Structures are given as structure tokens and as C-alpha cells.
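Close look at the chain arrangement
What follows is the residue order along each chain.
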There are 2 protein chains.
Amino acid sequence: MGKITMKDVARMAEVSMSTVSRVLNNPESVHAEKRQRVLKVIEAENYHPNALARGLVYKRTQSLGVLLPDISNGYVAEVIRGMEDTANSHGHSLILCNTDMNRERMLKYLRVLKEKQVDGIIFMSEPVTGELNDLFTELQLPVVLASTQSLEYNLPSVKVDDEQAAYDAAVYLIEKGHRKIGMISGPTFDVISGATRYYGFQRAVNEKLGSRADGMVEFGHYRFEDGYIAMKRLYGRKPDITAVFAASDEMAVGAITYLREKGMRVPGDVSVMGYDNTKFASMYTPKLTTVAQPMYEIGSTAVEKMIDRLDGEVSGDERTYLSHKIVERESVAEI
Amino acid sequence: MGKITMKDVARMAEVSMSTVSRVLNNPESVHAEKRQRVLKVIEAENYHPNALARGLVYKRTQSLGVLLPDISNGYVAEVIRGMEDTANSHGHSLILCNTDMNRERMLKYLRVLKEKQVDGIIFMSEPVTGELNDLFTELQLPVVLASTQSLEYNLPSVKVDDEQAAYDAAVYLIEKGHRKIGMISGPTFDVISGATRYYGFQRAVNEKLGSRADGMVEFGHYRFEDGYIAMKRLYGRKPDITAVFAASDEMAVGAITYLREKGMRVPGDVSVMGYDNTKFASMYTPKLTTVAQPMYEIGSTAVEKMIDRLDGEVSGDERTYLSHKIVERESVAEI
DNA sequence: CTGAAAGCGCTTACAG
DNA sequence: CTGAAAGCGCTTACAG
């Protein structure tokens, strides 16, 4: 016995296919008795409509493609969780694509997603280049950016205001009495989370301390090792530092690891503040004081924005900023 | 200008649709000159074949559904990464489904995946109940289990030998000179990773120390807080304990957190060993000695197994065990 | 309220 | 090597 189709159901219920289709899509429009007959057969035969056939005529698949750098990254995984919950509750599915920031791989995915007729694409891989933007319009696929944005193109996006968040973090440290504050920044060529957080930090130091943070900044790629190395350089140059703001929790932990190896206590001798509030942050010792991004909400909001657009309800603002907050825990001391 | 279809390409290249279809699927079979003409139009018009239409006739979608408990879990995310890479390199896509171990939600997903005509399902949510097994066969969808398995049903699966891994961990601790060894186990009703690791631990204690681990075991649900609480109870009852084996890295870290609050040093006073080797483990201080599961490989092997089956190459063994290993770091001391 | 027919965009025998 | 036609499993006007 092969798969049972709508035609089979129609035959067994002694109605036309149109009627079966109607009880599925617009039950009210069919006579109660016939409807029951059809429903009974559907149940008995365990009939499942074929979404491919349906998608072919609807020109809608209820599937969204999501391009992300790497799902094994805790931050990314949390955002995806928010996306998936929201997509699911709206009857959509998510097709996962790890780009590894690799151009070839991304192009291939984009082609596949197009062929599979996804309704839209959620993009969180990286900043949007001109080439990429052209591709999006060429593909004629709606795009929403999550946790990234496009400065040049007017693409809808959802993220935190990184500049302001970093500013707030620095101010927090300053209000705790710190004056010699270092930063472990992301790379400045990363215009989304590198340069922005760097500028926010600088602005705070400028405004509140009236100084430039000369020599107080090191750079890394957000990973543990980067934080370790950056801290080493920073400490080597400025041993009188009393606080460090890292652009990621991982780098913060890397920095703490280095400091401890040097016999410094955190936060006793040096305070360290992170960014992201990954799960990790509250399990570490000392529990990390950090800038919390609403990861789950970034994901769910991005999907909501996508679905609104698919439904024709374009919300006015393209760029949505979700609010960050500072989570006070144990890694920053008042002095 | 609407989407361009194969029919349009045929018209523009002045050939039949059959020919266009052939240059796409079996280029050699069409005359070189015509082939070029078609290719040119495809390129110029940026034509993308519709995978829904294709899937409708092929009865293959090159899509796999993956049911998992929660993607924001670091262990799960790493396994998924392995799946996605492998799926991608075989031209398959992954549809992500977070079940949260919720039955309703799982059933809904299963229905959607069936309707979307996925070629198969990778299941890593939980042990397979009778009801679930019935559903799988009813749905007529091939299933491969990742990081779980079915004792009752002969479903293909990929995982580590948990009993042996826990045994090895306990033996490792014993060989380091420990005699008073506690365990923080998963719940015994979890027959996959709870009971198995618990038995492995017991077997080692039995064989090597000739004793039963009476009162030396506490239970938790693998999370940080569970580890903390379990350690508290364990320590309250057995303050002379010198080593603890936790069934997850998170619980290990929770245990360490408690011990430190009590002024104990790890591993100076008490050694702690974890399980999983999540990223976290090497960033923590002290870096965690732990049982490494090959998470990425579990994912990629599961997908390979699925694809082999879809291609009709059923490998002999249903149950694949990947090897674990003990990663020595800093949280266990020799005494 | 209901059914016959056309159409969604492909592929695959079947002829030639 | 190539094209016309049927078919994959649905939905949607259009009549009735």
C-alpha cells in the first residue's frame, strides 16, 4: 500500500477532490454530513496532505531559511531558539544553514533556499555587502537581518544598540569608581559589533573622564583565547588597570583566566565586565557582570518581522533596536 | 516580471521543456550546441528550478527533519553542527524542530515534517517509546536516532557507550588514588544517559574497590543548579569525599561552585570530573577534566547513516557506538 | 453546497 | 538527440 492521496480520500468518501480540499481548507463551506464522511476517511487512512503540491499552487511554503555563522556558538543558538519558537507558533519551519562566513557556502545555500521556495530569509551571518544585497534583490526573496544590520541598504533588522550598550557598560564601571579602564574590543573592521562597541566605550571615557582611552584598548575575535592574549598585552602595558570591559563573555573569561594566572584576584584586584550574557556567564566563578542582549527576543522579533512582511503588514520602522541591560553579578567591584 | 519558469526558458532558447529539463539533469544527453543555448538563457534570466515541482515527481526532497530537545543547549548545538555540515555536503537541508520534550509539540512537528515530505527524520529528543515507534512506522518515514537509542526497537542509532564511558571515568579517578568517590548522576528513569552512566560508575566501584557506592550518589537533571544542590547533599552526608564524577559538565561546574563556597579547593581538596566536554569545559577555571563525547561526529554519522539508507545502502549494524575519551585537564588531582 | 477542469512547474517514458 | 503528452498531488475559479 503506497501513500494515500487526496484522490484516494475522495474516492473512499465518495465525494470529489474539490470537496476534500474544502474540508481541509474551508470546512464551513461543506455540508456537515459530507464533511464528517471525509474527516472519517482522513482519520482512518491517516491521510497527510502533500505540502509540496500545495506549495506549488499557493506559492507559499511556510518555510524560512536562516543563514547563520555557526550554530554551535552559544549566542547564535540562543537567537535561533527564539526564531524557532516563533516560527513554529506561526506554522512556519526553519531551514538551518551554517555559513561559517564562507562566501561560496553562502551562495550555495542561497541558491538551494531559493529553489526550495522558502518564503523568506533570516540573515545573521555578517554585515550585508553590496554584492549580497544585489543577490537578495535578484533572488526576489524577502530578507530580515537578525543581530546585524545594513548601514547602506534599508533592510529590516533587529538588534541591540551596540554603541549605547558599550557606553552604558563603561559608565557603569566609571560609576563604580574605576578610572583606569581597559577594553578588549572586537575588530574595528567588524562594523556591527566591533567598531560600535569600541566607539561607545570611547565616548563614555571621553564624556565622563574627559580623557581618551589611549593605549587602553586591545582587540580580539570574541573568543576565549583572544581575551586571554588581549589581557596579557593590556596588562603588560598598563599594570595599574583596575577594570576591563570585554566585548564578549568569552573574552571576559579569557581575560580573567590570564589575570588569575598572574595571581590577580577578580574582582578584588581587577574588575572584568563581559558582553552578551550567555548561559555561561552565570555559571562561571565569579559570576560575570555583563551586558545582556535579549538573544531569544532578537530571534523571535526577527521572525515576527518577517512574517508580518509576508502577510503584507509592513511595520513602519525598518530598524528595530531591542533594549539591552546590565546584569550585575560578581565580577565587578566598587572602588 | 514574475518568476521565470522552465517553460519560459524553453521558449526563449527555442527548445522543448524536455530539453531544458535534460540539460539540468543529464546534460550529456543533449546536443552541445542546444545545451549551450539553454545554459545561456538560464544564466541570463537567472533561472532557478522549482524544487517543489521537482520533489513532487521525484518523491524526494533532499530535506531532513531533525527533532531535538533544545538547540540552545550547547551539547545539542554541537551535534547539530555536525549534522548540518554533512547534510549540506550531500545536498540535503535540515529542518530544525525544538521539542522541549513536549509531546504535543513533537506530534505537531512530526505531522508537519510528513506533510513537507522530508526524506527522513533524525531524532535526538529522548528515548523512543512504543507510541513513538508506532508513529514512526505509521508515518512511513525513515528514522535515525542521534545521541539516544531504542532498547526495544531495532532503530538505527549513533551514540557513545555511556555505561563504558562512566566506567572508564570512575576507573580513572580510582587510578588517581581516590577511594571515596561520589557521583552526581542523571535521573535513573533516563535510560539513555541516566541509568547507564550510573551503572557504569557502580560497576567500576564494585570491580576495583570491591564495594558498593552506598550513599555516594546524588541525582540531578544535568543542569548547573542540579549539580550545586546535589553536591550540597553529597557533601553534607559524606564530608570525607575526595572526588566526584558528574554526569554532565554543567553539573560538574555546579558542584565546584558549591565546594568553593564551602571553602574547599578544586582539585586541591576535592577532585571533580565532568561528562560531555562542552566548549565551556576548557574555559572554566580550573579547566575541567571530563569524558569527551564526539558530539560533532555523532551528528555527522547520524546524517550519513540516514543518507546511506535513503540511497538503499543499509549498513549492517543498526547501533553505532562512537568512542569516547577522557580529556585530562586541571580539575582532578592525584592523591 | 458540489464537481469537472485547468493549472502550479517540473520529469519521464514513449515515439520518432 | 528531441518533443508532445501524461502525471506528480494539490487548489481554485467556474458552472450548476
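Residues numbered from 1 in each chain as written. Chains lettered and ligands numbered in written order. Predicted model: local features only at pLDDT ≥ 70, side-chain atom pairs only at ≥ 80, totals over all residues. Heavy atoms only, no water.

1. Thoughts on the overall build of chain A
Along the backbone of chain A there are 13 helices and twelve strands. For 335 residues, the compact-globule estimate of 2.2 N^0.38 gives 20 Å, and the C-alpha radius of gyration of chain A, at 26 Å, exceeds that figure by more than 25%. Along the longest, intermediate and shortest principal axes, the C-alpha atoms of chain A span 85 × 40 × 35 Å. In chain A, which comprises 335 residues, the proportion classed as buried is 57%. In chain A, 70% of the contacts between residues at least 6 apart in sequence involve partners at least 24 apart. Accessible area for chain A stands at about 14,000 Å²; split by element, carbon and sulfur atoms hold 50% of it. (Helix = DSSP H or I, 4+ residues; strand = E, 2+ residues; numbered from the N terminus. Rg over C-alpha atoms; globule rule 2.2 N^0.38 Å. Buried < 20%, exposed > 50% of the residue type's maximum accessible area, 1.4 Å probe, protein only. Contact = heavy atoms within 4.5 Å. Areas by Shrake-Rupley, 256 points an atom, 1.4 Å probe, with all protein chains shown as cover.)

2. Considering the protein's contact with DNA strand D
Around DNA strand D lies a shell of 28 residues, among which A:Ser21, B:Ser18, B:Thr19, B:Arg22 and B:Lys34 are the nearest. Backbone atoms, meaning sugar and phosphate, make up 66% of the atoms of DNA strand D lying within 4 Å of the protein. One of the side-chain nitrogen or oxygen atoms of B:Ser18 is found 2.6 Å away from a base nitrogen of DNA strand D. At 2.9 Å from a sugar or linking oxygen of DNA strand D is found a side-chain nitrogen or oxygen belonging to B:Lys59. When the residues that make up the surface near DNA strand D are grouped by side-chain class, the tally is twelve nonpolar, eleven polar and five charged. (Near = heavy atom within 4 Å. Polar contact = N/O pair within 3.5 Å; in protein donor to acceptor, adjacent residues only side chain to side chain. Nonpolar A, V, L, I, M, F, W, Y, C, P; charged D, E, K, R; others polar.)

3. Section: the pattern of salt bridges
Working definition: two side chains of opposite charge can pair if their charged atoms are close together. Scanning all chains against the criterion turns up 50 salt bridges over all chains. A salt bridge links A:Arg37 to A:Glu33, with the shortest nitrogen-to-oxygen separation between them at 3.7 Å. Residue A:Arg37 and its partner A:Glu33 are located together in helix α3 (residues 32–45), separated by four residues, close to a single helical turn. Residue classification places A:Arg37 among the partly exposed positions, given a relative accessible area of 29%. Taking the shortest distance from any N to any O, the salt bridge between B:Lys159 and B:Asp162 comes out at 2.6 Å. Each of the two residues, B:Lys159 as well as B:Asp162, counts as buried. Among the charged side chains, a network of salt bridges with common partners joins A:Asp70, A:Asp100, A:Arg105, B:Arg81, B:Glu84 and B:Asp85. (Salt bridge = Lys/Arg side-chain N within 4 Å of Asp/Glu carboxyl O.)

4. Concerning the protein's contact with DNA strand C
The full set close to DNA strand C counts 27 residues, and A:Ser18, A:Thr19, A:Arg22, A:Lys34 and B:Ser21 are the nearest of them. Taking all atoms of DNA strand C within 4 Å of the protein, the share assigned to sugar and phosphate is 66%. Within the contact set of DNA strand C, a base nitrogen lies 2.6 Å away from a side-chain nitrogen or oxygen of A:Ser18. The separation between a base nitrogen of DNA strand C and a polar main-chain atom of B:Ala53 is 3.4 Å. Counting residues per element, the ones that place at least two in the surface near DNA strand C are α2 (17–25) and α4 (51–58) of chain A together with α2 (17–25) and α4 (51–58) of chain B. Grouping the constituent residues of the surface near DNA strand C by class yields eleven nonpolar, eleven polar and five charged.

5. Regarding the packing of aromatic side chains
Under the defined criterion, the tally for this structure stands at 18 aromatic pairs over all chains. With a centroid separation of 5.6 Å and 75° between ring planes, the pair formed by B:Phe123 and B:Phe136 is classed as edge-to-face. Remark: B:Phe136 occurs in helix α7 (residues 130–139) and B:Phe123 occurs in strand β3 (residues 120–123); sequence separation between them is 13 residues. Three or more aromatic residues joined by ring pairs make a cluster, and in this case those are A:Phe280, A:Tyr284, B:Phe280 and B:Tyr284. A:Arg197 extends its terminal NZ or CZ atom over the ring of A:Tyr275, reaching a point 3.7 Å from the ring centre. Across the ring face of A:Tyr167, the terminal group of A:Arg203 is positioned such that the distance to the ring centre comes to 3.9 Å. (Phe/Tyr/Trp six-rings, centres within 6.5 Å; stacked < 30°, edge-to-face > 60°. Lys NZ or Arg CZ within 6 Å of the ring centre and 35° of its normal.)

6. A word on the sheet that holds strand β8 (residues 243–246) of chain A
Residue and element names in this part refer to chain A. Taken in spatial order, the six strands of this open sheet run β7-β6-β8-β9-β10-β12, and their pairing is mixed. Taken across any chain shown, the strands that pair with only one partner, and hence form the sheet edges, are β7 (217–219) and β12 (325–327). On average, each strand axis in the sheet is inclined to that of its neighbour by 20°, with strand direction left out of account. Where strand β9 (residues 271–276) meets strand β10 (residues 289–292), four bridges bridge the pair, whose relative direction is parallel. Paired with Gly274 across the strands is Thr290, a residue of β10. (Pairing = 2+ DSSP bridges. Axes fitted to C-alpha atoms, helices over the stretch in contact; angles between N-to-C directions.)

7. Here's the deal with helix α7 (residues 130–139) of chain A
Residue and element names in this part refer to chain A. Taken as a whole, α7 has its buried residues at Leu132, Asn133, Leu135, Phe136 and Leu139. Buried residues of α7 fall within an arc of 160° about the axis and therefore sit on the same side. Against α6 (103–115), β3 (120–123) and β4 (143–146) lie the buried residues of α7. Immediately beyond the C-terminal end of α7, within one or two residues, lies Gln140, with a positive phi of roughly 55°. (Arc of directions from axis to C-beta.)

8. Side note on the sheet that holds strand β2 (residues 93–98) of chain A
Strand order in the open sheet formed by twelve strands is β11(A)-β5(A)-β4(A)-β3(A)-β1(A)-β2(A)-β2(B)-β1(B)-β3(B)-β4(B)-β5(B)-β11(B), and the pairing between neighbours is mixed. Looking at strand neighbours, the two that pair on one side only are β11 (319–322) of chain A together with β11 (319–322) of chain B, the edges of this open sheet. Adjacent strand axes in the sheet meet at a mean angle of 25° when their direction is disregarded. Judged from the six bridges that link them, strand β1 (residues 63–68) of chain B and strand β2 (residues 93–98) of chain B form a sheet pairing that is parallel. When the bridges of β2(B) are listed, B:Ser63 appears paired with B:Ser93.

9. Some words on the interface of chain A and chain B
If you look at the interface, chain A gives 58 residues, while chain B gives 58 residues. Both faces considered, chain A and chain B share a buried interface measuring about 5,200 Å² in area, 53% of it formed by carbon and sulfur atoms. Considering only the surface of chain A that becomes buried against chain B, A:Leu52, A:Arg81 and A:Met283 emerge as the three largest contributors, covering 14% of it. Where chain A meets chain B, there are eight salt bridges. Remark: the boundary between chain A and chain B carries 36 residue pairs in polar contact (both at pLDDT 80 or more). Bridge count for β2(A) against β2(B) is three bridges, and the pairing is antiparallel. Bridge assignment links A:Leu94 to a residue of β2(B), and that residue is B:Leu96. (Buried area = accessible area lost by both parts, 1.4 Å probe.)

10. Thoughts on a nonpolar patch on the surface
Together, B:Leu56, B:Val57 and B:Tyr58 line one region of the surface with nonpolar side chains, adding up to about 290 Å² of accessible area. As for its placement among the helices and strands, B:Leu56 is situated in helix α4. (Patch = residues over 30% accessible without salt bridge, like charges linked within 9 Å, V, L, I, M, F, W, Y side chains within 5 Å.)

11. Overview of the packing of helix α1 (residues 6–13) of chain B against helix α3 (residues 32–45) of chain B
What describes two packed helices is the angle between their axes and the distance between those same axes. Residues and elements named next belong to chain B. Interaxial distance between α1 and α3 falls to 9 Å at its minimum, and their mutual angle equals 125°. Looking at the two axes, α1 sits oblique to α3. Relative to α3, α1 is oriented so that their crossing is right-handed. Residues Val9, Met12 and Ala13 of α1 touch α3, and the partners they reach there are Arg37, Val38, Val41, Ile42 and Glu45. The residue makeup of the contact of α1 with α3, split by class, is six nonpolar, no polar and two charged. (Parallel < 35°, antiparallel > 145°, perpendicular 65-115°, else oblique. Left-handed = near helix turned anticlockwise from the far one by under 90°.)

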